[in-house]
Amino acid sequence: MPRFLYIVSLERSGSTPLSYNLGLQPGFVALGEIDRTLALLTRPGGFDGRVCSCGAAINKCPVWSPIAAATDTLTPLGLADRYRLIDRLLEPVLGEAAVIVDGSKPLDTLRAITPVLNDRLSVVHLVKDVRSYLESTLGRMASMDQDRLWSEAIARQPLRARLMRVLPDTLVYLWRWARQNRAMRDWLRTSDLAWLRIGYDDLCEDPEAWFARLAAISHAGGSAGQHHILLGSFGY
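Residues numbered from 1 in each chain as written. Predicted model: local features only at pLDDT ≥ 70, side-chain atom pairs only at ≥ 80, totals over all residues. Heavy atoms only, no water.

Trainee: Can you walk me through the sheet that holds strand S2 (residues 28-30) in this structure?
Mentor: Each strand in a sheet pairs with another by means of backbone hydrogen bonds, the pair being arranged parallel or else antiparallel. Strand order in the open sheet made by the six strands is S5-S4-S1-S3-S2-S6, with parallel pairing throughout. Two strands in the sheet have a free side with no partner beyond their single neighbour: strand S5 (194-199) and strand S6 (226-227). Of the strand pairs in this sheet, S2 and strand S3 (residues 99-105) are connected by three bridges, and their pairing is parallel. The residue bridging valine 29 from the neighbouring strand is isoleucine 100, located in S3. Helix H5 (residues 79-94) contacts strand S1 (3-8), S2, S3 and S6 of the sheet and is inclined by roughly 145 degrees relative to S3. (Pairing = 2+ DSSP bridges. Helix = DSSP H or I, 4+ residues; strand = E, 2+ residues; numbered from the N terminus. Contact = heavy atoms within 4.5 Å. Axes fitted to C-alpha atoms, helices over the stretch in contact; angles between N-to-C directions.)

Right, here's the structure in full:
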């Protein structure tokens with residue numbers, strides 16, 4: 001069965017550029033945000049008109065087409081079982097030696113798939129410098145519908161969201177950066193997974209050295225890399 005390298009990070013921390021560039025390295029197959037891609041595949045018209053980063057439409061992509069063809073099976077499944085299904089579907093396509101790069105990001109997703117993949121799973125904890133994170137996140141949030149976002153947050157966590165809304169945005173996202181990255185680090189320290197923590201700025205300064213370290217912990221190598229990314233942001 002293929003191995004997996006999971007990128008756990010906050011949003012807008014560079015997971016898509018990292019995924020894409022790993023897909024150019026021997027042995028890696030970058031699939032972008034697998035959890036969100038699978039969720040959209042189960043929605044009617046979720047990928048209408050979208051082209052994979054390999055250049056093919058989804059129904060022609062050698063990696064995503066067998067998964068898209070199994071949408072009826074995929075739809076009722078929970079997250080862990082969805083990963084079990086794609087694990088089975090992709091082995092004959094990619095072979096046992098491939099390392100699938102999953103840029104999904106959330107720690108909750110990582111927790112859910114760890115029992116499924118076990119010792120075939122390794123992790124990179126990608127951390128963007130707090131100043132760069134605040135700049136990119138606040139810029140992105142300024143272009144979005146704030147009232148709708150806060151309404152959704154209040155519906156999920158009424159007390160905490162109402163308390164946070166009265167704080168300056170910079171303080172809210174500074175707290176989020178510290179809390180989430182600490183939670184990711186602490187969970188990984190107690191796990192049995194092979195993992196590596198990388199600063200995004202350090203990655204940009206010496207990518208080849210970090211790619212070599214990621215290849216070592218995930219046992220990647222051999223065939224040419226591939227990328228088949230349907231979701232992600234390259235706006236860095």
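Now that the structure is up, let's keep going.
Trainee: I tried to follow the pattern of salt bridges on my own but got confused; where do I start?
Mentor: Any two side chains of opposite charge can pair, so long as their charged atoms come close to each other. A complete count under the given rule lists eight salt bridges for this structure. One salt bridge in this structure joins arginine 111 and aspartate 108, with 2.8 Å as the shortest N-O distance. Taken together, the residues span about one helical turn, with arginine 111 and aspartate 108 both in helix H6 (residues 107-117) at a distance of three residues. On the basis of relative accessible area, aspartate 108 is assigned to the exposed category, the value being 56%. The salt bridge partner of arginine 185 is aspartate 186, with a shortest N-O separation of 2.9 Å. Among the ionic contacts, a cluster of salt bridges with common partners joins Glu33, Arg36 and Lys105. (Salt bridge = Lys/Arg side-chain N within 4 Å of Asp/Glu carboxyl O. Buried < 20%, exposed > 50% of the residue type's maximum accessible area, 1.4 Å probe, protein only.)

Trainee: Honestly, the side chain of aspartate 87 in this entry has me stumped. Any pointers?
Mentor: Its location among the elements puts aspartate 87 in helix H5. Engagement of the side chain of aspartate 87 in a polar contact is seen with the side chain of arginine 120, the distance being 2.5 Å. Ignoring sequence-local partners within four residues, the contact set of aspartate 87 consists of Met1, Pro2, Phe4, Leu117 and Arg120. (Polar contact = N/O pair within 3.5 Å; in protein donor to acceptor, adjacent residues only side chain to side chain.)

Trainee: In this structure, what is going on with unusual backbone geometry? I would like to understand it.
Mentor: Excluding glycine, a negative phi dihedral is what most residues carry, and trans is how most peptide bonds are arranged. Even without a glycine there, the phi angle at arginine 12 is positive, about 55 degrees. The residue arginine 12 is located in the loop between S1 and helix H1 (15-22) in this model. Judged by its relative accessible area of 17%, arginine 12 falls in the buried class. With a phi angle near 50 degrees, asparagine 118 is a residue other than glycine that sits in the positive phi range. Mapped onto the elements of the fold, asparagine 118 is located in the loop between H6 and strand S4 (121-127).

Trainee: What am I meant to see in the packing of helix H2 (residues 34-41) against H5 here?
Mentor: Angle between the axes and distance between the axes: these two values describe a pair of packed helices. Between H2 and H5, the least distance of the axes is 11 Å, while the angle of their chain directions is 95 degrees. Between H2 and H5, the angle is such that the two are roughly perpendicular. Counting all contacts with H2, which are made through Ile34, Asp35, Leu38 and Ala39, the residues of H5 involved are Leu79, Arg82, Tyr83 and Ile86. By residue class, the composition of the contact of H2 with H5 is six nonpolar, no polar and two charged. (Parallel < 35°, antiparallel > 145°, perpendicular 65-115°, else oblique. Nonpolar A, V, L, I, M, F, W, Y, C, P; charged D, E, K, R; others polar.)

Trainee: How should I be thinking about the nonpolar core in this particular structure?
Mentor: A general feature of soluble globular proteins is that nonpolar side chains tend to end up buried together. Formed by 39 residues in total, the largest nonpolar core has its most connected members in Leu38, Trp64 and Leu110. Within the residue set of this core, elements represented by two or more residues are S1, H2, helix H3 (64-68), H5, H6, S4 and helix H10 (169-190). Once residues lying within four places of it in the same chain are set aside, the contact partners of tryptophan 64 are Leu31, Thr37, Leu38, Leu41, Cys52, Ile58, His228 and Leu230. (Core = buried A, V, L, I, M, F, W, Y, C linked by side-chain atoms within 4.5 Å.)

Trainee: Whenever I open this one, the packing of H6 against H10 confuses me. Can you help?
Mentor: At their nearest, the axes of H6 and H10 sit 11 Å apart, and the two run at 20 degrees to each other. Judged by the angle between their axes, H6 and H10 are roughly parallel. Every pair of crossing elements has a handedness; the one defined by H6 and H10 is left-handed. On H10, the residues that touch Leu107, Leu110, Arg111 and Thr114 of H6 are Ala183, Met184, Trp187 and Leu188. (Left-handed = near helix turned anticlockwise from the far one by under 90°.)

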